Amino acid sequence: MNRAFRVLAATTAAALSLSLAACGGSDSSDSADGAGGSLLANIEAGKVTLGTKFDQPGLGLREPDGSMTGLDVDVATYVVNSIAKDNGWAEPEITWRETPSAQRETLISNGEVDMITATYSINKSRAESVNFGGPYLLTHQALLIQDANTDINGLDDLDGKILCSVSGSTPAQKVKDALPGVQLQEYDTYSSCVEALRQGNVDALTTDATILGGYAAQSPGTFKLVELEKDGEPFTNEYYGIGLKKDDAAGTEAINKALQAMYDDGSFDKFVDENIDGGTGVTKETPGDLSFLEK
Ligand code: GLU
């Protein structure tokens, strides 16, 4: 699928932010960092805590100087600023919080983050504990292998192979369900899987093509992407959503309105161009339309 991704500043496992969210308060508007209440109340109060990945180049990356880059960072920033503007509020101050795959629902439910934009696929089981705005893009599960590897060209070649993915992710679950012959190693972050692949400790890394393209671009000539198909269709559909507190209908609606504005004014195309070279492989979706969950 020829996804060449812009090379972003190399960083491996970003240090987990240890700054504890000041939470526990039930009143949203006076919590110190914005987390703890409803998304809209915290935007109005001027402070929001946004969850994303810190180690995924092109999507969510904490740079060595502490600044944040990536498509998910740009989308989340646009969304909260657009909601603020719509309501006549000032742009809120943003605190970024690292939200690893397995912790996302918990961090939302605990009120430690106001919303999460972190390569977060919408699915039924997650939607039982959190609300989702979006979808705002569609990607598919793929493989990353060493550039010199010629053995692995698709699903049929994975039997007996050692595959790395991240606990709590949809790709890890789908491998377990569909490919019992695979030895799956689950790490906490994709950047640790990339190091295992670099060392030759695993044969392949599996997750969304968007994420793998970012790692391939980070180490030119080292890795390559393999698309996964089943019966001529993509092996999986990963519809990215924005997670927020369960049953926050007003917040969800505001996010969807902001996402539509982001598509309509050309901002999404710009974010894709700036973060993911040429935008190849990323499909726009209809915010608010979750009918794919029934398929
Ligand atoms: N989009 C998939 C998921 O939400 C994989 C990426 C990730 O783990 O963040 O599980």
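Within each chain, residues carry numbers counting from 1 in the order of the written sequence. Per-residue local features are limited, in this predicted model, to residues with pLDDT of at least 70; the limit for side-chain atom pairs, both in listing and counting, is 80 or more; totals at the level of whole chains, interfaces and linings are taken over all residues. The basis for every side-chain value is the complete set of non-hydrogen atoms in the structure, without hydrogens or water.

By the naming in an unreviewed UniProt entry, the protein chain is Glutamate-binding protein, taken from Corynebacterium riegelii. UniProt positions are given in the numbering used here, feature names are shortened, and annotations may be inferred rather than shown by experiment. Database annotation for the protein chain, UniProt heading Sequence similarities (unreviewed entry): "Belongs to the bacterial solute-binding protein 3 family."

Here the focus is the pairing of strand β11 (residues 204–208). Between buried and exposed lies partly exposed: a residue is buried under 20% and exposed over 50% of the maximum accessible area for its type, with that area taken using a 1.4 Å probe on protein chains only. Put simply, DSSP marks the helices as runs of H or I at least four residues long and the strands as runs of E at least two long, and each gets a number from the N terminus on. By the criterion of burial, β11 is predominantly enclosed, with five of the five residues buried. Pairing geometry for strand β8 (residues 141–146) and β11, over four bridges, is antiparallel. Looking across to β11, one finds that Gln 141 is bridged to Asp 208. Should DSSP find at least two bridges between two strands, the strands are regarded as paired. Strand direction decides the pairing type here: strand β9 (residues 162–166) and β11, joined by two bridges, are parallel.

If you trace the five strands from one edge of the open sheet to the other, you get β10-β9-β11-β8-β12, paired in mixed fashion. Only two strands of the sheet have a single partner each, and these edge strands are β10 (183–187) and β12 (223–227). Within the sheet, the average angular offset between the axes of one strand and its neighbour, ignoring direction, is 30°. Most of the contacts of helix α6 (residues 190–199) go to β11, to which it runs at about 150°, and overall it touches β8, β9, β10, β11 and β12. Axis definition: a line fit to C-alpha positions, over the contact stretch in the case of helices; interaxial angles, taken between N-to-C directions, run 0 to 180 degrees. The contact criterion used is simple: two residues touch if any of their non-hydrogen atoms lie within 4.5 Å.

Spatially, five strands are ordered β5-β1-β6-β15-β7 in an open sheet, and the strand pairing comes out mixed. Each having just a single partner strand, β5 (93–98) and β7 (130–139) make up the two edges of the open sheet. Bridging between strand β1 (residues 47–52) and strand β6 (residues 115–116) involves two bridges; their strand directions are parallel. In the sheet register, Leu 50 faces β6, and the bridge partner there is Met 115.

Close contacts around the ligand come from 17 residues, with Lys 53, Ser 101, Ser 121, Tyr 190 and Asp 208 the closest. Distance and chemistry together define a polar contact, namely a pair of N or O atoms within 3.5 Å, with one atom able to donate a hydrogen and the other to accept it when in protein, and with adjacent residues in sequence counting only for side-chain atoms on both sides. Ser 101 places a polar side-chain atom, nitrogen or oxygen, 2.6 Å from an oxygen atom of the ligand. Measuring from a nitrogen atom of the ligand, one finds a side-chain N or O atom of Ser 121 at 2.7 Å. Only the protein chains shown count as cover for residues, and all accessible areas are computed by the Shrake-Rupley method using a 1.4 Å probe. Look at the ligand: alone it shows 280 Å² of surface, and the protein chains cover 100% of it. Broken down by class, the residue content of the shell around the ligand amounts to six nonpolar, six polar and five charged. Summary of the distance rule: residues count as near a molecule or strand when at least one heavy atom falls within 4 Å of that molecule or strand. Throughout this entry, Asp, Glu, Lys and Arg are counted as charged residues, while Ala, Val, Leu, Ile, Met, Phe, Trp, Tyr, Cys and Pro are counted as nonpolar. The remaining residues, Gly among them, count as polar.

Assignment of secondary structure puts Ser 121 in the loop between β6 and α4 (124–127). Using a relative accessible area of 3% as the deciding quantity, one classes Ser 121 as buried. A polar contact of 2.6 Å, which involves the side chain of Ser 121, links it to the side chain of Glu 238. Among all residues touching Ser 121, those that are not within four sequence positions of it are Arg 126, Phe 132, Thr 170, Glu 238, Tyr 239 and Tyr 240.

The subject of this paragraph is helix α7 (residues 209–218). Across the 10 residues that make up α7, a large majority, 10, are buried. All buried positions along α7 are accounted for by Ala 209, Thr 210, Ile 211, Leu 212, Gly 213, Gly 214, Tyr 215, Ala 216, Ala 217 and Gln 218.

Between the rings of Phe, Tyr and Trp (Trp by its six-membered ring), a pair exists once the centres lie within 6.5 Å; its type follows the angle of the planes, with under 30 degrees stacked, over 60 edge-to-face, and the other angles tilted. Counted under the stated rule, the structure contains five aromatic pairs. Ring geometry for Tyr 239 versus Phe 292: centroids 3.7 Å apart, planes at 15°, classification stacked. Of this pair, Tyr 239 sits in strand β15 (residues 238–245) while Phe 292 sits in the segment after α9 (267–275), and the two are 53 residues apart along the sequence. Looking at Tyr 239, the relative accessible area reads 11%, which means it is buried.

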